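Remarks on the overall topology
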Amino acid sequence: MTEAHAHAHDNAKRYLEELLELLRIPSISTDMTHQEDMRHAAQWVADNLERSGLDTAQVLETEGHPVVFAEWSGAPAGAPTVLIYGHYDVQPADMIDGWSRDPFTPAVIGDRIVARGATDNKGQVVAHMKAAESLLATGGCPVNLKYLIEGEEECGSAHLGAFVAAHHELLAADICLISDTSMESIDQPSLTYGMRGLAALDIVVDGPRQDLHSGAFGGCLHNPAQALAEIVATLHDVDGRVAVPGFYDDVAAVSPQEREMLAKAPTSQAAWTEVMGKLPDWGEPGYSRNERIGIRPTLEINGISGGYAGDGFKTVIGKHAVAKVSCRLVPDQDPERVFELVRDRVLAVAPPTVRCQVTLRDGGLPALTDREHPAMKAAIRAYGYHWPKRDVLLVRAGGTIPVVATFQQQLGLPVVLMGFALPDCGAHGPDEDMPVVMFESAIDTIIQFMH
């Protein structure tokens, strides 16, 4: 055990209390009524980084919510620089969502920290901050450190790309380290080396100028809700493949060796059944669940609205209908290109009896990190320090962190995704939590990674 590890263990109670402080701030980036809370959270992060021993820590403005930047450059000559990214904003949370307690009154219940942001991403961000504090309090860090903590990850990081483009010199580093992913389980470390990209779009079908009485007008016009259902039904074939011409054309091939490696990730039928009940598997033929999530693209209907769907019954023909669609993308797919393919397919099958429009709402490129990069090897060794009896699994995640591709493309950085959340931590859901032991293990592992 290094001096830094001993320092972290001696200060574990205080580190936990500081995390609870940050969790009390309702920094909900998608709700403009929380702008002051966003600024409060940003300033808290900057102040805490400064107290932790960083040379500089400042709140910097963007066109949206501010970012926090901090730096320490006291490592030995020739030492690499690690850029650490995280976010202080959180998803909305309300008791009506199913929380058993106020989501912004954090508490340690049993062995878990329960609060919105406990795992996504405040718990993991504070772990990085406290790892740095322990290193700097015991003689310094073996690498130079930079921190970029943003406030818009939960609303698409809309202004981060422009900030990165304008601050290349400020953010210059050798690698980027992000803890915003999960491990396989509390005793099975896993290292994410790939994230899927995203293309999110709206399909809007318009019909009459106003809602109409279904008795007076039914059968005389194409109901927009029905037309939309007919359209989205053409986007998959009966086997679960995406039926958009050209959708798979740019998908990068995955070697048999990589597929064999990915197959080593365990799949729990019990956990699957708990979520899915007795529903049978559905999806693209020829691929396992893990492969459908990690190495294959998807097209999902995230929501459909149109007409009346409230309590009781209202016999109307709604004037329009909307479908929210997201495509998870893999290398070498491009969000703009995939949007164009889906748009062209939708417009081709849309009946002439309605008006149809397709709009791109959000996009993010997929990202991969070379599994043989020295920083990846260092992450594997760091996990091995805390979990010496388990081999580290290498996985490709199904989700999207747009900033990963931003750092790779704009800054030329390899990105190491060293996460400490667990699958049952409930990120984005009610009673989100993080086990205290994972918070402490994250600090230990990050310290080891820096060494």
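Above this text is the structure in question.
Not measured: the values here are computed from a predicted model.

Remarks on the sheet that holds strand β13 (residues 320-329)
- Reading across from one edge, β11-β13-β9-β14 is the order of the four strands in this open sheet, with antiparallel pairing throughout. Looking at the sheet topology across the chains shown, the edges are occupied by β11 (298-306) and β14 (355-364). Ignoring strand direction, the axes of neighbouring strands in this sheet form an average angle of 15°.
- Two elements, β11 and β13, share eight bridges in a ladder whose sense is antiparallel.

Observations regarding helix α12 (residues 374-386)
- Here α12 contains 13 residues, and its C-alpha end-to-end distance of 19 Å stays within 8% of the 18 Å for a straight helix at 1.5 Å per residue.
- Among all positions of α12, only Ala-375, Met-376, Ala-378, Ala-379, Ala-382 and Tyr-383 are buried. Buried residues of α12 fall within an arc of 155° about the axis and therefore sit on the same side. For α12, exposure combined with an orientation more than 90 degrees from the buried face picks out Pro-374 and Arg-381.
- As for α12, its buried residues are in contact with β7 (175-178), β8 (190-195), β17 (415-417) and α14 (436-450).

Points about a negative patch on the surface
- Among the surface-exposed residues, Asp-249, Asp-250, Asp-332, Asp-334 and Glu-336 lie close enough to one another that they form a single negatively charged patch.
- For Asp-249, the position within the fold is in the loop between α7 (224-232) and α8 (256-262).
- A residue is classified by how much of its surface remains accessible, and Asp-249, at 62% relative accessible area, is exposed.

Let's talk about the sheet that holds strand β4 (residues 107-109)
- Strands sit in the order β4-β5-β18 across an open sheet of three strands; the sheet is antiparallel. Strands at the two margins of the open sheet, each flanked by one partner only, are β4 and β18 (433-435). For this sheet, the mean inter-axis angle between neighbouring strands, taken without regard to orientation, is 30°.
- Sheet topology places β4 next to strand β5 (residues 112-114); three bridges connect them, and they run antiparallel. For Ala-107, the partnering residue across the bridge sits in β5 and is Val-114.

Quick look at the pattern of salt bridges
- Tallied over the full model, the rule gives 20 salt bridges.
- One salt bridge in this structure joins Glu-284 and Arg-296, with 2.6 Å as the shortest N-O distance. One end of the pair, Glu-284, is in the loop between α9 (269-276) and α10 (289-294); the other, Arg-296, is in the loop between α10 and β11, with 12 residues separating them in the sequence.
- The closest approach of N and O atoms between Arg-343 and Asp-344, which form a salt bridge, is 3.1 Å.
- On the accessibility criterion, Asp-344 (41% relative accessible area) is partly exposed.
- A network of salt bridges, in which partner residues are shared, links Arg-14, Glu-18, Lys-130 and Glu-133.

Here is what the cut-offs are and how they apply
- Residues numbered from 1 in each chain as written.
- Predicted model: local features only at pLDDT ≥ 70, side-chain atom pairs only at ≥ 80, totals over all residues.
- Heavy atoms only, no water.
- Pairing = 2+ DSSP bridges.
- Helix = DSSP H or I, 4+ residues; strand = E, 2+ residues; numbered from the N terminus.
- Axes fitted to C-alpha atoms, helices over the stretch in contact; angles between N-to-C directions.
- Expected span 1.5 Å × (residues − 1).
- Buried < 20%, exposed > 50% of the residue type's maximum accessible area, 1.4 Å probe, protein only.
- Arc of directions from axis to C-beta.
- Contact = heavy atoms within 4.5 Å.
- Patch = residues over 30% accessible without salt bridge, like charges linked within 9 Å, V, L, I, M, F, W, Y side chains within 5 Å.
- Areas by Shrake-Rupley, 256 points an atom, 1.4 Å probe, with all protein chains shown as cover.
- Salt bridge = Lys/Arg side-chain N within 4 Å of Asp/Glu carboxyl O.
- Lys, Arg positive; Asp, Glu negative; His and termini not counted.
- Charge placed at Lys NZ, Arg CZ, Asp CG, Glu CD.

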